[in-house]
Amino acid sequence: MIVLFNKPFRVLSQFTTESDKATLADYIDIPAVYCAGRLDYDSEGLLVLTNDGVLQQRIANPKFGKEKSYWVQVEGTPDRTGLERLRTGVRLRDGMTRPAKVALIDPPDVWPRDPPIRERRNIPTRWLRMTICEGRNRQVRRMTAHIGHPTLRLIRYRVGGWRLGSLAVGACRVLNGAR
């Protein structure tokens, strides 16, 4: 079984916690499914869950090269040089990243975030479409910060062949086949 979930902002990608933070258990009442990869607490969008351990590894483990695509709202507007650095890989504290596919895009048609991102009167924001095939901790955020454009909002809209589509925030869809 595969479950697609549109993770809201400020929800942990786990079912239990000892803190007062919201978890997947607040939204998903399906026994014995587990995350195939994670989204950090401050990120939103597509989370794939499954009850199949082999499939979970094929999705989450970077050695299988499963692409993950994001809409990324950054502070400022990256120039060609910054975008090219993302496309060739950047050196983070934990080593070089694999090359990312990245492009400037118009703002995607997404739900409002609560609370909204911080806006600075003199600093514009810009949206990127970014695809990676790794999944290091806060990788996309660290990559955009590395080129001088901190991530303000991060929404994953695709994992491999699965897409967020019209799935509402906090909702899930159960599928039966693998991709």
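Just so it is clear, the model here is predicted, and its values are computed rather than measured.

Asker: How do you make sense of the packing of aromatic side chains when you look at a structure like this?
Answerer: Where two aromatic rings form a pair, the distance of their centres and the angle of their planes describe that pair. Under the counting rule described, the total for this entry stands at two aromatic pairs. With 5.7 Å between their ring centres and 50° between their planes, F5 and Y27 make a pair best called tilted. One end of the pair, F5, is in strand β1 (residues 2-7); the other, Y27, is in the loop between β1 and β2 (34-35), and 22 residues separate them in sequence. Here W71 and Y157 contribute two aromatic rings whose centre-to-centre distance is 4.3 Å and whose plane-to-plane angle is 15°, an arrangement assigned as stacked.

Asker: So what exactly am I meant to see when it comes to the nonpolar core here?
Answerer: Grouped burial of nonpolar side chains is what soluble globular proteins tend to show. Of all hydrophobic cores here, the largest spans 26 residues; its most connected members are L49, V72, M130 and M143. Mapped onto this core, the elements with two or more residues apiece are β1, β3 (44-50), β4 (68-75), α2 (80-88), β8 (125-132) and α3 (139-146). With sequence-adjacent residues up to four places away left out, L49 is seen in contact with M1, I2, V3, F5, F15, L24, I28, V33, Y34, C35 and A36. Among the nonpolar cores identified, the runner-up in size contains 18 residues, and L4, I155, W162 and L167 belong to it.

Asker: It is not clear to me how the pattern of salt bridges should be interpreted in this structure. Could you clarify?
Answerer: Opposite charge on two side chains allows them to pair when their charged atoms are near. For the structure on display, the rule yields 12 salt bridges. With a shortest N-O distance of 3.9 Å, D42 and R138 are connected by a salt bridge. Taken together, the residues D42 in the loop between β2 and β3 and R138 in the loop between β8 and α3 connect sequence positions 96 residues apart. For D42, a relative accessible area of 25% corresponds to the partly exposed category. It is possible to trace a salt-bridge network through shared partners that takes in D40, D42, R138 and R141.

About the cut-offs
Residues numbered from 1 in each chain as written. Predicted model: local features only at pLDDT ≥ 70, side-chain atom pairs only at ≥ 80, totals over all residues. Heavy atoms only, no water. Phe/Tyr/Trp six-rings, centres within 6.5 Å; stacked < 30°, edge-to-face > 60°. Helix = DSSP H or I, 4+ residues; strand = E, 2+ residues; numbered from the N terminus. Core = buried A, V, L, I, M, F, W, Y, C linked by side-chain atoms within 4.5 Å. Buried < 20%, exposed > 50% of the residue type's maximum accessible area, 1.4 Å probe, protein only. Contact = heavy atoms within 4.5 Å. Salt bridge = Lys/Arg side-chain N within 4 Å of Asp/Glu carboxyl O.

Shape is all these values report; function is a separate question.
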